[in-house]
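In case you want the letters, here they are:
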Amino acid sequence: MVSPARLVAFDILTLVERGGYASDLLASRSVALETRDAGLASEIVLGSLRYQAQLDFLMERSSGWAAGRLDPEVRIALRMGVYQLRYLTRVPAHAAVSEAVELVKRARKRSAAAFVNAVLRKLDRRPALWPDRATELSHPQWLLERWDRQYGRETADRIARANLTTPQTYVRVAGAPPPGVQLEPTDVPGAYRLVEGNPAGLRIQDVGSQAVVPLLELKPGQRFLDLCAAPGNKTAQALEAGVRAVACDIHLSRLRNMRDLGCPLVVADGTEALPFSTRFEGVLLDAPCSGTGTLGRNPEIKWRLKPSDLEGLHGKQVALLGRALEWLSPGGRLVYSTCSLEREENEAVVEQAGARVLGLWRRLPGTAPGDGFFAAVLTSE
């Protein structure tokens, strides 16, 4: 018998291996679980992805098999088991082992059951001597090396270690904090860290994300364009300033979830000609990006991303910024932002735009609360 939490975690990690996103899958597949089971499923899924390099090393040392040679179902069950044995001290060892064995049986890999049992029973919680930095920090070597070049080794290590921790939850509160939850104010007005309680009914938005919109210095009555608006958190934040907002996104399905904002919603590809008849005093381009500033929340990204992916993203971001600048009123302010830590997606995009830069801004995981973000404030002459 396998617990509901581990069944859901196993199924989600299987889907992540096939290209799914853990946070989206947890949101949709944990609904029917009790609160305690949902929490355990989330911990196992995200922990297994955050510490994947460490788990694979321990698994390989114990079994003599390279993780890549194992069937996906066996590899996933082992990672789940190793993570629980190493990092979840309140989980009984026998539960972690026996349920991993049952998971591979359920996945029709009964021949691997004895193998999984033997590998996990060899493990203990004694400190490991990691073979290299990439394994210890559980990040791809190429990513650590580029952060070394951009930020220095000490900061790169702090970023990577922050990505191994469970991120704090932040909410957006435009007025007085509601009763029933304990909130702690942050350095960003209206952004609060959830200390205790259920945030249901509150807009959950990372503090780094909430720090972007204030850079626009919006004023009541101004025309405002959010070019890549979904899921709508930054549009909602801009509306607090009393602007006349238009929210644009390429995905109709994602715009539908923004109907409660009460502003015009436009389906359009931001890299193509846009269907507007007037310019905007404020423009936000929160561009699609690699997401390397959010690896604590989205750890699967670090195992999928390739250096060559950054070139394609750069080209799209340059095209988006060029279109966004076309719709900026003379003297207006445009903020270009990403949740990426990579220069190709940030400074290099802004440099290619050729607009006047009023300032650059950045938050790094491990050096400031929340996710990593970059923003550039631009203006038209």
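Just so you know, these numbers come straight off a predicted model, no measurement behind them. (Residues numbered from 1 in each chain as written. Predicted model: local features only at pLDDT ≥ 70, side-chain atom pairs only at ≥ 80, totals over all residues. Heavy atoms only, no water.)

Undergrad: Would you take a moment to explain the overall build of the protein for this structure?
TA: A tally of helices and strands in the protein yields 16 helices and eleven strands. Compactness check: the protein gives a C-alpha radius of gyration of 23 Å against a globular reference of 21 Å for 381 residues, within 12% of the reference. The proportion of buried residues among the 381 residues of the protein is 54%. With the model as given, the accessible surface of the protein reaches about 17,500 Å², and the carbon-plus-sulfur share is 51%. With 48 positive and 43 negative side-chain charges, the protein shows a separation of 4 Å between the mean positions of the two kinds. (Helix = DSSP H or I, 4+ residues; strand = E, 2+ residues; numbered from the N terminus. Rg over C-alpha atoms; globule rule 2.2 N^0.38 Å. Buried < 20%, exposed > 50% of the residue type's maximum accessible area, 1.4 Å probe, protein only. Areas by Shrake-Rupley, 256 points an atom, 1.4 Å probe, with all protein chains shown as cover. Lys, Arg positive; Asp, Glu negative; His and termini not counted. Charge placed at Lys NZ, Arg CZ, Asp CG, Glu CD.)

Undergrad: What's the story with the layout of surface pockets in this structure? I'm lost.
TA: Unoccupied space between atoms shows up once a probe the size of one water molecule is rolled over them. Taken as a whole, the second largest pocket holds about 410 Å³ of empty space. Taken together, 13 residues line the second largest pocket, and the ones lying closest to its centre are R36, L40, L88, R90 and V91. Per-element accounting of the lining of the second largest pocket gives the leading share, five residues, to helix α3 (residues 35–50). Tallied by class, residues from the lining of the second largest pocket come to five nonpolar, three polar and five charged. (1 Å grid on protein atoms, 1.4 Å probe; cavity = no way out; pocket = protein on both sides within 12 Å on 5 of 7 lines; lining within 4 Å. Points joined across faces, edges and corners; volume = space filled by probe spheres on them. Nonpolar A, V, L, I, M, F, W, Y, C, P; charged D, E, K, R; others polar.)

Undergrad: Please explain the packing of aromatic side chains as it appears in this structure.
TA: What characterises a pair of aromatic rings is the spacing of the ring centres plus the angle enclosed by the ring planes. Summed over the entire model, instances satisfying the criterion amount to seven aromatic pairs. Judged by centre distance (6.3 Å) and plane angle (70°), the rings of W65 and F115 are edge-to-face. You can see W65 sitting in the loop between α4 (52–63) and α5 (72–87) and its partner F115 sitting in helix α7 (residues 113–121), a full 50 residues away along the chain. Here the aromatic residues Y51, Y83 and Y87 are joined through ring pairs into a cluster of three or more. The ring of W65 is capped by R69, whose NZ or CZ atom sits 4.5 Å from the centre of that ring. (Phe/Tyr/Trp six-rings, centres within 6.5 Å; stacked < 30°, edge-to-face > 60°. Lys NZ or Arg CZ within 6 Å of the ring centre and 35° of its normal.)

Undergrad: Would you mind showing me how to read the pairing of strand β9 (residues 328–338) here?
TA: In regular strands, side chains alternate between the two faces of the sheet. Most of β9 is tucked away: eight of the eleven residues are buried. Strand direction decides the pairing type here: strand β8 (residues 280–286) and β9, joined by six bridges, are parallel. Bridge pairing links V283 to L334 in β9. One ladder, built from six bridges, connects β9 with strand β11 (residues 373–379); its direction is antiparallel. The residue of β11 that forms the bridge with Y336 is A376. (Pairing = 2+ DSSP bridges.)

Undergrad: Sorry, what's going on with the environment of G180 here?
TA: With respect to the helices, strands and loops of the structure, G180 is situated in the loop between β1 (170–172) and β2 (182–185). The spatial distance from the C-alpha of G180 to the C-alpha of P264 is 33 Å, given a sequence separation of 84 residues.

Undergrad: So what exactly am I meant to see when it comes to the pairing of strand β5 (residues 223–226) here?
TA: Note that β5 and strand β6 (residues 244–249) share four bridges and pair parallel. Each bridged residue has a counterpart across the sheet, and for F224 the counterpart in β6 is A245. You can see the chain leave β5, run along helix α12 (residues 233–239) and come back into β6, and the turn it takes is right-handed. As judged from the three bridges shared by β5 and β8, these two strands associate in the parallel manner. Looking across to β8, one finds that D226 is bridged to L284. (Right-handed = clockwise from strand over helix to strand, strands pointing away.)

Undergrad: In this structure, what is going on with the packing of α5 against α7? I would like to understand it.
TA: Each packed pair of helices is defined by two parameters, the angle between the axes and the distance between the axes. Put simply, α5 and α7 touch, their axes get as near as 10 Å, and they point 25° apart. Relative to α7, the element α5 is oriented roughly parallel. Between α5 and α7 the crossing geometry is right-handed. Across the interface between the two elements, V74, L78, G81, V82 and L85 of α5 pack against F115, V116, V119 and L120 of α7. (Axes fitted to C-alpha atoms, helices over the stretch in contact; angles between N-to-C directions. Parallel < 35°, antiparallel > 145°, perpendicular 65-115°, else oblique. Left-handed = near helix turned anticlockwise from the far one by under 90°. Contact = heavy atoms within 4.5 Å.)

Undergrad: Even after reading the chapter, I still don't get the sheet that holds β1, so can you show me in this structure?
TA: Sheets are built from strands paired through backbone hydrogen bonds, the pairs being either parallel or antiparallel. Sheet architecture is open: four strands sit in the order β2-β3-β1-β4, paired in antiparallel fashion. If you trace the sheet from one side to the other, it starts and ends with β2 and β4 (203–204), each paired once.

Undergrad: Even after reading the chapter, I still don't get the nonpolar core, so can you show me in this structure?
TA: Most often, soluble globular proteins keep nonpolar side chains buried together rather than apart. Of all hydrophobic cores here, the largest spans 51 residues; its most connected members are V45, L78, M80, V116 and L120. For this core, the elements supplying multiple residues, two or more each, are α1 (4–17), α2 (22–29), α3, α4, α5, α6 (93–106) and α7. With eight residues, α5 is the largest single contributor of residues to this core. Among all residues touching M80, those that are not within four sequence positions of it are R6, A9, F10, L13, I44, S48 and L103. Counting residues in hydrophobic clusters, the runner-up holds 27 residues, among them L321, A324, L325 and V350. (Core = buried A, V, L, I, M, F, W, Y, C linked by side-chain atoms within 4.5 Å.)

Undergrad: For this particular structure, what's the right way to read helix α9 (residues 141–151)?
TA: Since one α-helical turn is 3.6 residues long, residues separated by three or four positions face the same way. For α9, every residue scored as buried is listed here: L143, L144, R146, W147 and Y151. Each buried residue of α9 lies within a common arc of 165° when the element is viewed along its axis, so the set occupies one face. Each element contacted by the buried residues of α9 is listed here: α8 (133–137), α10 (153–163), α14 (300–304), α15 (307–326) and β10 (356–363). Backbone geometry just downstream of α9 places G152 in the positive-phi region, at approximately 90°. (Arc of directions from axis to C-beta.)

Purely spatial values, then, with no claim about function.
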